[in-house]
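Breakdown of the fold
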Amino acid sequence: MRRARRTLLTILGLQVAIAVTMSLVDSYRRRGKKPKAFPTTPPRTVDIEESAVTTYTFGRDLYDDMLAAIEGAQRQVLFETYIWKGDATGERFKKALADAADRGVEVYCIYDGFANLVVSPVFKHFPANMKVLKYPVWSAGWRFFDLRRYGRDHRKILVVDDTVGFVGGYNIGDAYETEWRDTHVRISGPGVWDLKRAFADFWNLHRRRRVRHSERPLLLETASTWEPRIRVQRNVPRLWMFPIRSMYLEAINRASTNVWITTAYFIPDQDFVDAMKHAARRGVDVRLLIPLKSNHIVADWISRGYFSQLLEAGVKVLRFRGAMVHAKTATVDGTWSTVGTANIDRLSLTGNYEINVEIIDAGLAAQLEEIFRTDESNTVELTQGEWEARDLHRKFTEAFLAPLRPLL
């Protein structure tokens, strides 16, 4: 038993060492290299019942509208992000939020401590009239074995007054403004209310000992009615709630014509892979759009371990060239669609705090399908013959790193 234990620990150590080495080498190779230009789709708005939904595929367009919304705030701003860089773009958002607080607007901010470890501590000093919650780097405290306390806050939300809300994959920073291909949506009307509830629930769950000068809960007045065609799905690890995975599986399993998925990282569980394979085998047009090279090389290598199954089942694997595609979107059968923060990986689907908007509307689905086709024009399709012809060392590396899947 002792020998077996040592062998397992040695193998795990080698896997981690290889992963770290690959990441360092990849980071060195990327230094000074700028992403190439990529095609985008201009912002467009679709009316859904009493709400309106606008899609964004270029960071500058999104940031301009987010900042305009903050500058026009009259009562309250709720701002939550995973990464908040201390660069020029980050400073623009910080100033807009501080200016709103100075004119009497209630400003609440949440950011993830771990995701911003490399951000200057100076940037993280906020004016006293801003209420700021830093989600801690170590959130488990003394509860080392409580898995519910290890999820990161991977959400990206902005809600201004009762009028407008933003949610999607965009973090805040210079690179995301022009160099990354991502997707966000702006919602106005009753669809905003659930975003407000989502923010308040997270704040109230984590505010104790995390928020300066305040122990009071965040109380919101929102209508009790529901927007039936716009639903907000939230993963809440502390409550062991992970509806986003179930949302995806139900949509894929019900598909009859097409399933088009865009994700930054593809490291799902086998049930998710099986759902995609079964859909393809019953004649559904299943397409998976991922980066050719993401910002996490280890995730890329681990993701490749699923390609054989998908290609054999008839799933199209499309790899985005020249820039990082970070969008988290899907459309099914020209009616169902989702945009949000959750990647198709274990951390997002069964680990982190995430938020996705699920929308049942043919107009928005058509718009997201148009965005998908635009992205597809900048991809290279992986063929089964090309995949089977890859060299031996690639096959070995994929197999050797496969046990790390549950950690990503």
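First things first, this report covers the structure right here in the doc. Here the residue numbering is sequential within each chain, running from 1 through the sequence in written order. This being a predicted model, a pLDDT of at least 70 is required before a residue's local features are given, and a value of 80 or more before pairs of side-chain atoms are given or counted; all residues contribute to the totals for chains, interfaces and linings. Side-chain numbers here rest on the full set of heavy atoms in the structure, without hydrogens or water.

The subject of this paragraph is the environment of Asn 343. Among the structural elements, Asn 343 can be located in the loop between strand 17 (336-340) and strand 18 (344-345). Spatially, the C-alpha atoms of Asn 343 and Ile 267 are 8.7 Å apart, while their sequence positions differ by 76 residues. A polar contact of 2.5 Å, which involves the side chain of Asn 343, links it to the side chain of Lys 328. Here a helix means four or more residues in a row that DSSP labels H or I, a strand means two or more in a row labelled E, and each is numbered from the N terminus. Under the rule applied, a polar contact is a pair of N or O atoms within 3.5 Å (in protein, one hydrogen donor and one hydrogen acceptor; residues adjacent in sequence only if both atoms are side-chain atoms).

This part is about the nonpolar core. With 80 residues, the main nonpolar core has Trp 84 and Met 276 as its most contacted residues. It only takes one pair of heavy atoms within 4.5 Å for two residues to be counted as in contact. Aside from chain neighbours lying at most four places away, what touches Met 276 is Ile 252, Ile 261, Phe 266, Val 286, Leu 288, Leu 310 and Val 315. Nonpolar cores were defined as sets of buried Ala, Val, Leu, Ile, Met, Phe, Trp, Tyr and Cys residues, with membership established by side-chain atoms within 4.5 Å. For every residue, the accessible area (1.4 Å probe, protein chains only) is compared with the maximum for its type, and the residue is labelled buried under 20%, exposed over 50%, or partly exposed between those bounds. Counting 32 residues, the second-largest nonpolar core is a separate cluster that includes Leu 78, Ile 157, Val 192 and Val 357.

The side chains of a regular strand alternate between the sheet's two faces. Bridge count between strand 1 (residues 44-48) and strand 2 (residues 51-56): five bridges; the pairing is antiparallel. From the neighbouring strand, Thr 45 faces strand 2, where its bridge partner is Thr 54. A loop of two residues connects strand 1 with strand 2, the two strands running antiparallel in sequence, and Glu 49 in this loop sits at a positive phi of about 55°. Any two strands with at least two DSSP-identified bridges between them are counted as paired.

Summarising burial for strand 4 (residues 106-112): six of the seven residues are buried, a large majority. Across six bridges, strand 3 (residues 76-81) lies against strand 4 in parallel orientation. Following the sheet pairing, Val 77 is matched in strand 4 by Val 107. Every crossover in which the path from the first strand over the helix to the second runs clockwise, viewed with the strands pointing away from the viewer, is termed right-handed. Chirality of the crossover, the property in question, places the unit of strand 3, helix 3 (residues 88-102) and strand 4 among those that are right-handed. In the sheet, strand 4 pairs with strand 5 (residues 131-135) via five bridges, with the strands oriented parallel. Note on strand 5: the bridge partner recorded for Cys 109 is Val 132.

On to the pattern of salt bridges. In what follows, salt bridge is the name for a side-chain nitrogen of Lys or Arg lying within 4 Å of a carboxyl oxygen of Asp or Glu. On inspection of all chains with the given rule, the structure shows 24 salt bridges. Notably, a salt bridge pairs Arg 245 with Asp 271, separated by 3.6 Å at the nearest N-O pair. Taken together, the residues span a long stretch of sequence, with Arg 245 in helix 6 (residues 243-254) and Asp 271 in helix 7 (residues 270-281) at a distance of 26 residues. Under the relative-accessibility criterion, Asp 271 is labelled partly exposed at 49%. One network of salt bridges, in which partners are shared, links Arg 60, Asp 64, Arg 92 and Glu 177.

Another point: the environment of Ser 188. Note that Ser 188 resides in strand 9 (residues 184-188). Spatially, the C-alpha atom of Ser 188 lies 9.9 Å from that of Ile 48, the residues being 140 residues apart in sequence. Beyond its immediate sequence surroundings of up to four residues, Ser 188 is in contact with Glu 50, Ser 51, Ala 52, Thr 163 and Val 164.

We call Phe, Tyr and Trp rings a pair once their centres come within 6.5 Å, taking the six-membered ring for Trp, and we label the pair stacked below 30 degrees between planes, edge-to-face above 60, and tilted otherwise. Counted under the stated rule, the structure contains 24 aromatic pairs. With a centroid separation of 6.4 Å and 40° between ring planes, the pair formed by Tyr 56 and Phe 166 is classed as tilted. With Tyr 56 in strand 2 and Phe 166 in strand 7 (residues 164-168), the pair connects residues that are 110 residues apart, well separated along the chain. You'll find Tyr 56 and Phe 166 in the same group, each marked buried. Pairing Phe 266 with Tyr 306 gives two aromatic rings, centres 5.7 Å apart and planes at 75°, and the pair type is edge-to-face. With a gap of 40 residues between them, Phe 266 in strand 12 (residues 266-267) and Tyr 306 in the loop between helix 8 (297-303) and helix 9 (307-313) connect regions that are remote in the sequence. Among the aromatic side chains, those forming a connected cluster through ring pairs are Tyr 63, Phe 79, Trp 84, Phe 93, Tyr 111, Phe 123, Phe 126 and Tyr 170. Placement of a positive charge over a ring is assigned whenever Lys NZ or Arg CZ falls within 6 Å of the ring centre and within 35 degrees of the normal to the ring plane. A cation sits over an aromatic face here: Lys 94 above Phe 123, 4.9 Å from the ring centre. Just above the ring of Phe 126 sits the side chain of Lys 94; from NZ or CZ to the centre is 5.1 Å.

So, about unusual backbone geometry. Excluding glycine, most residues fall at negative phi; most peptide bonds, likewise, are trans. For Asp 161, which is not a glycine, the phi torsion comes out positive at approximately 50°. You can see Asp 161 is positioned in the loop between strand 6 (157-160) and strand 7. By relative accessible area, which is 6% here, Asp 161 ends up buried. The backbone of Asp 333 shows a phi angle near 55°, a positive value even though the residue is not glycine.

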